[in-house]
Amino acid sequence: MEKEKKKIPNTKSLFNNSKFMLLVSFVLACFFWVVFASSSGEESTLTMTDIPVTVELSEQAKKDGLRVYRGGDTRVTVQIKGNRMTIGSLSKDDIQVIAQNTGSINIANLYALSLTTKKTGVKSDYEIVSVSPSVINVMVDKERSQTFTIEKNINTSGVTLPVSDSNSDSGYYLAKPVISSDTAVVTGPEQEVKKISKLQVYDRISGEYHENITKALEVQPIDSDGEFIENDLISITPQKVDTTIRIFPKKEVPVTVQFLNVPSGIDIDKIVSIKPSSITFAGTSSVLSSINEIELDPIDFNTLDPSKTQITLNISLPTGCINISNEEQAKISFKFSSYSSKVISVSKFNLSEVAAGYKASVSTSSINVSVAGPTDVISNITASDISANVDLSSLADGFEGSQELPVTIDLSALSGCWCFNEYTVNVSVNKAE
């Protein structure tokens, strides 16, 4: 009988054996645990970056309006040492960096604060070796808000306007810049806001323009030396303003004035002159086409004293028009060299519009009337040349008693003469018997 052959184990069947694989896994796990455990006990260092600093002011400082404007957002680097497994599991949230001596902050100033660290996580078996930087500078101040007027520093000397067309009398006009907001509010540290002298919008515009110029310009803070202030701690509201420079057609028209109650025999054109005699203004085409003169407020000749040879009147333009001539008032001059005035006492009065069944009389004995006209006429005038009329139509029906009423002076019989100033008399009204 032949000797039996020795049986060789089948390795493939071993790996398919779940019990065998479980044993192998256990052995390998024990091996790696021994290796890791032997190395994890080693001490190691770790550098953690971008850790925020806590700067906490005292309650009194906060009540005084103080706040940290610069330095409060500082990020630092912390170096720690300890068990490799422990420090490897730490994060930024496990360490707090705190600024010291903040209790001494009580006024607006720049402070140098040393830093300390604090462990905030559940693990504490490690050492904080250093923090870098170890000292930070913080700027503390009160908040200030101030409203400034925005000045317009816009140079348009390089702008070329279109050539006048056949329908334009005087060409075109570049209006002054108009901004969407005349003021802005600056907010920031008090000491920084105090450095601002004014706000402005600046631009230098050149080239040929046929239409209105529109731009959004940044509002700039300027110091007392006229220099631009660049400071990230201040905010300006609004930061930009819309700027519009309109281009208008312009026109020159005469300045005129109308007179009321002009005495017969007086030629206004010979004794009256107006300065300015004309004015140039700008506006829309539709407005310009409808205006051929600028008419001043009318003048009542009965208010003119020949000893006063000049009257000043305001020049009013239609809404939306621009006074390019920059003449806001007109001077009306009178050539009264050959005229004079005289005061005459008048005691005879003519009553009109006396109600039926009533009688009226003037209780005022006389009035002194100022009469003006050519000197040769005035020198010979008497009270008989003057007609003083009192109209009672303004009295209520059935009125009885005394009432002060205006007197109308009639000098129509005297060529070139008029009466100036206003006059009244007392009139008594009673029922007729």
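Residues numbered from 1 in each chain as written. Predicted model: local features only at pLDDT ≥ 70, side-chain atom pairs only at ≥ 80, totals over all residues. Heavy atoms only, no water.

(A) The arrangement of the overall build of the chain in detail. Per the secondary structure count, the chain includes eight helices and 32 strands. Over its C-alpha atoms, taken along the principal directions, the chain stretches across nearly 180 × 60 × 50 Å. Relative to its full complement of 433 residues, the chain shows a buried share of 33%. As displayed, the chain offers around 26800 Å² of accessible surface, 47% of which is attributable to carbon and sulfur atoms. Looking at charge distribution, the chain has the averaged site of its 39 positive side-chain charges lying 17 Å from that of its 51 negative ones. (Helix = DSSP H or I, 4+ residues; strand = E, 2+ residues; numbered from the N terminus. Buried < 20%, exposed > 50% of the residue type's maximum accessible area, 1.4 Å probe, protein only. Areas by Shrake-Rupley, 256 points an atom, 1.4 Å probe, with all protein chains shown as cover. Lys, Arg positive; Asp, Glu negative; His and termini not counted. Charge placed at Lys NZ, Arg CZ, Asp CG, Glu CD.)

(B) Structural detail: the nonpolar core. Judged by nonpolar contacts, the single largest core of 27 residues is most densely connected at F259, L296, I332 and W418. Looking at this core, the elements with two or more residues in it are β16 (247-256), β19 (278-282), β24 (329-334) and β31 (418-420). Among the elements that make up this core, the one with the highest residue count is β24 (three residues). For I332, the contacting residues outside a window of four places in its chain are F259, V272, S273, I274, L296, I299, T309, Q310, I311 and L313. Grouped together as the second largest cluster of nonpolar side chains are 25 residues, L66, L115, Y126 and I136 included. (Core = buried A, V, L, I, M, F, W, Y, C linked by side-chain atoms within 4.5 Å. Contact = heavy atoms within 4.5 Å.)

(C) View of the confidence of the model for the chain. Counting all residues, the mean pLDDT for the chain is 89, and 90% of those residues have values of 70 or more. Note on residues 1-6: pLDDT under 50 across the span, and zero contacts to partners over four residues away in sequence or across chains. (pLDDT = per-residue confidence, 0-100.)

(D) Region of the structure containing a nonpolar patch on the surface. Together, L23, F26 and V27 make up an exposed nonpolar region whose accessible area comes to about 320 Å². Examined against the element boundaries, V27 turns out to sit in helix α2 (residues 18-40). (Patch = residues over 30% accessible without salt bridge, like charges linked within 9 Å, V, L, I, M, F, W, Y side chains within 5 Å. Salt bridge = Lys/Arg side-chain N within 4 Å of Asp/Glu carboxyl O.)

(E) Representation of the state of the cysteines in the model. As enumerated under the stated definition, the model contains zero disulfides in all. You can see C419 has no disulfide; the closest cysteine sulfur is in C417, sitting 11 Å from it. Under the relative-accessibility criterion, C419 is labelled buried at 7%. (Disulfide = S-S within 2.5 Å.)

(F) Representation of unusual backbone geometry. Note the cis peptide between S132 and P133, where omega equals 0°. By the element assignment, P133 lies in the loop between β6 (126-132) and β7 (135-160). Omega for the bond connecting K275 with P276 falls within 30 degrees of zero, at 5°, which places this linkage in the cis form. Tracing the sequence through the fold places P276 in the loop between β18 (272-275) and β19. For N101, which is not a glycine, the phi torsion comes out positive at approximately 60°.

(G) Main features of the sheet that holds strand β26 (residues 349-352). Strand order across the open sheet formed by five strands is β26-β29-β30-β32-β27, with mixed pairing between neighbours. The outermost strands of the open sheet, each flanked by one partner alone, are β26 and β27 (358-362). Sheet twist, expressed as the mean angle between neighbouring strand axes with direction ignored, is 35°. Note that strand β29 (residues 387-391) and strand β30 (residues 401-410) share four bridges and pair antiparallel. Looking across to β30, one finds that V390 is bridged to V407. (Pairing = 2+ DSSP bridges. Axes fitted to C-alpha atoms, helices over the stretch in contact; angles between N-to-C directions.)

(H) Expanded view of the environment of Y423. Mapped onto the elements, Y423 comes out in the loop between β31 and β32 (424-431). On the basis of relative accessibility, which here comes to 11%, the residue Y423 falls in the buried class. Separated by 217 residues in the primary sequence, Y423 and S206 place their C-alpha atoms 63 Å from one another. A distance of 2.8 Å separates a polar atom in the side chain of Y423 from the backbone oxygen of F420. (Polar contact = N/O pair within 3.5 Å; in protein donor to acceptor, adjacent residues only side chain to side chain.)

(I) Spatial organisation of the pairing of β29. Of the two faces of β29, the one holding A388 and V390 is buried and the one holding S387, N389 and D391 is not buried anywhere. The pairing of β26 with β29 spans four bridges and is parallel. Across the sheet, residue N350 finds its bridge partner in β29, namely N389.

(J) Up close: the side chain of D94. With respect to the secondary-structure elements, D94 resides in the loop between α4 (84-88) and β4 (95-99). Despite its burial, D94 remains without a salt bridge, the nearest opposite charge being carried by K123 at 7.5 Å. A polar contact of 2.9 Å, which involves the side chain of D94, links it to the backbone nitrogen of S91. Sequence-distant contacts of D94, defined by excluding residues within four places in its chain, comprise S89, K118, K119, T120, G121 and Y126.

(K) Structural view of the environment of N155. The topology assignment puts N155 in strand β7. The residues touching N155, leaving out its near neighbours within four places in the chain, are D203, R204 and I205.

(L) The packing of aromatic side chains, seen in detail. Scanning all chains against the criterion turns up seven aromatic pairs. Ring centres 6.0 Å apart and planes at 75° place the aromatic pair F259 and F334 in the edge-to-face group. Taken together, the residues span a long stretch of sequence, with F259 in strand β17 (residues 259-260) and F334 in strand β24 at a distance of 75 residues. The class for F259 is buried, based on a relative accessible area of 13%. Positioned above the aromatic ring of Y69, the side-chain terminus of R67 is 4.5 Å from the ring centre. When the ring centre of Y126 is taken as origin, the NZ or CZ atom of K119, which lies over that ring, is 4.4 Å away. (Phe/Tyr/Trp six-rings, centres within 6.5 Å; stacked < 30°, edge-to-face > 60°. Lys NZ or Arg CZ within 6 Å of the ring centre and 35° of its normal.)

(M) Region of interest: the sheet that holds strand β12 (residues 213-218). The sheet built from three strands is open, its strands ordered β9-β15-β12 with antiparallel pairing. One side of each edge strand has no neighbouring strand; the edge strands of this open sheet are β9 (178-179) and β12. Summarising the sheet, β9 and strand β15 (residues 240-245) pair through two bridges and their orientation is antiparallel. By the bridge assignment, I179 is partnered in β15 with T243.

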